[in-house]
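Residue-level structural notes
Single-letter residue listing:
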Amino acid sequence: MSENDCIFCKIAKGQMEAEVVYEEEGVIAFEDINAKTPVHVLVIPREHVPSMAEVGGLPDGITKRLFEVAQAVAEKKGVAESGYAFRINNGPDSGQEVLHLHAHVMGGRRLSMP
Ligand code: 5GP
Ligand code: ZN
């Protein structure tokens, strides 16, 4: 999948609608369209990298911001104290569907592994 037909690139550029929870220069967080938990937000770098294999290609500091923004989103959504999962799917066995690196922030009920 190229950046041109990547849905998360389109959301990052404002070319496709999403319910934005938080945004800054390099990172944007928005509601998952098919929430699997009461709180289910996706946090993505604006720049396109398909998965963790290419994470080194992101600008300096962006990976740290993904973590910090996830925590800020959890606070905003009221699950920072009850707890939440920060999950990045990579490749077929993980169930990764969208090939633009994204972190799931999931909470609002008791979760189990995997
Ligand atoms: P993955 O399985 O790749 O880790 O997760 C992809 C997530 O993106 C899924 O939870 C799915 O519901 C969500 N998703 C897929 N397409 C869209 C979309 O167009 N907009 C939003 N907001 N979420 C999407
Ligand atoms: Zn993309």
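Okay, so let's go over this structure. (Residues numbered from 1 in each chain as written. Chains lettered and ligands numbered in written order. Predicted model: local features only at pLDDT ≥ 70, side-chain atom pairs only at ≥ 80, totals over all residues. Heavy atoms only, no water.)

**As for the environment of I28**
Put simply, the rule is: Under the DSSP-based scheme used, a helix requires at least four consecutive residues in state H or I and a strand at least two consecutive residues in state E, with every element numbered from the N terminus. What makes two residues a contact is simply this: any of their non-hydrogen atoms within 4.5 Å.
Within the element layout of this structure, I28 appears in strand β2 (residues 27-31). In sequence terms I28 and N4 are 24 residues apart; their C-alpha atoms lie 18 Å from each other. In this structure, I28 is in contact with I11, A12, V20, Y22, E23, L42, V43, I44 and R46, ignoring residues within four places of it in sequence.

**Digging into the pattern of salt bridges**
Using the following cut-off: Counted as salt bridges are all cases of a side-chain nitrogen of Lys or Arg within 4 Å of a carboxyl oxygen of Asp or Glu. Exposure is judged per residue with a 1.4 Å probe applied to protein chains only, and the accessible area is read against the type maximum: over 50% gives exposed, under 20% gives buried, and values in between give partly exposed.
According to the stated counting rule, one finds 5 salt bridges in the structure shown. Taking the shortest distance from any N to any O, the salt bridge between K77 and E31 comes out at 2.6 Å. Of this pair, K77 sits in the loop between α2 (62-76) and β4 (84-87) while E31 sits in strand β2, placing them 46 residues apart in sequence. Measuring nitrogen to oxygen at the nearest pair gives 2.6 Å for the salt bridge that ties R65 to E68. With R65 and E68 both in helix α2 and 3 residues apart, this pair spans about one turn of that helix. Residue R65 is classed as partly exposed on the basis of its relative accessible area of 29%. When salt bridges that share partners are traced, they join E24, K64, R65 and E68 into one network.

**Considering the coordination of the zinc ion (ligand 2)**
Definition in use: With water excluded from the atoms, a metal site may look incomplete; its donors are any N, O or S atoms within 2.8 Å, or within 3.2 Å for Na, K and Ca. Site shape is set this way: if four donors have all angles between 85 and 135 degrees, tetrahedral; if opposite donors are over 155 degrees apart and all others between 65 and 115, square planar for four donors and octahedral for six; otherwise irregular.
Bound to the zinc ion (ligand 2) on the protein side are C6 (SG), C9 (SG), H48 (ND1) and H100 (ND1), at distances that span 2.0 to 2.3 Å. In this structure, the zinc ion (ligand 2) is coordinated by 4 donor atoms arranged in tetrahedral fashion, with angles at the metal of 103 to 116°. Read in sequence order, the donor residues for the zinc ion (ligand 2) give the motif C-x2-C-x38-H-x51-H. Residue C9 is located in helix α1 (residues 7-12), and its partner H100 is located in the loop between β4 and β5 (103-107); the two are separated by 91 residues in the primary sequence. The residues C9 and H100 share a single accessibility class, namely buried.

**A few points about the sheet that holds strand β1 (residues 20-23)**
Across a sheet, paired strands are connected by hydrogen bonds in the backbone, their directions being either parallel or antiparallel. We apply this condition: For two strands to be treated as a pair, DSSP must find no fewer than two bridges joining them. Interaxial angles span 0 to 180 degrees and are taken between N-to-C directions of axes, which are lines fitted to C-alpha atoms, for helices over the stretch in contact.
Strand order in this open sheet of 5 strands is β1-β2-β3-β5-β4, and the pairing throughout is antiparallel. The open sheet is flanked by β1 and β4, the only strands paired with a single partner. Each strand axis lies, on average, 15° off the axis of its neighbour in the sheet, ignoring direction. Two elements, strand β3 (residues 39-45) and β5, share 5 bridges in a ladder whose sense is antiparallel. When the sheet's bridge partners are listed, V39 is paired in β5 with G107. Against the sheet, α2 makes contact with β1, β2, β3, β4 and β5, and its axis sits at roughly 155° relative to β3, the strand it touches most.

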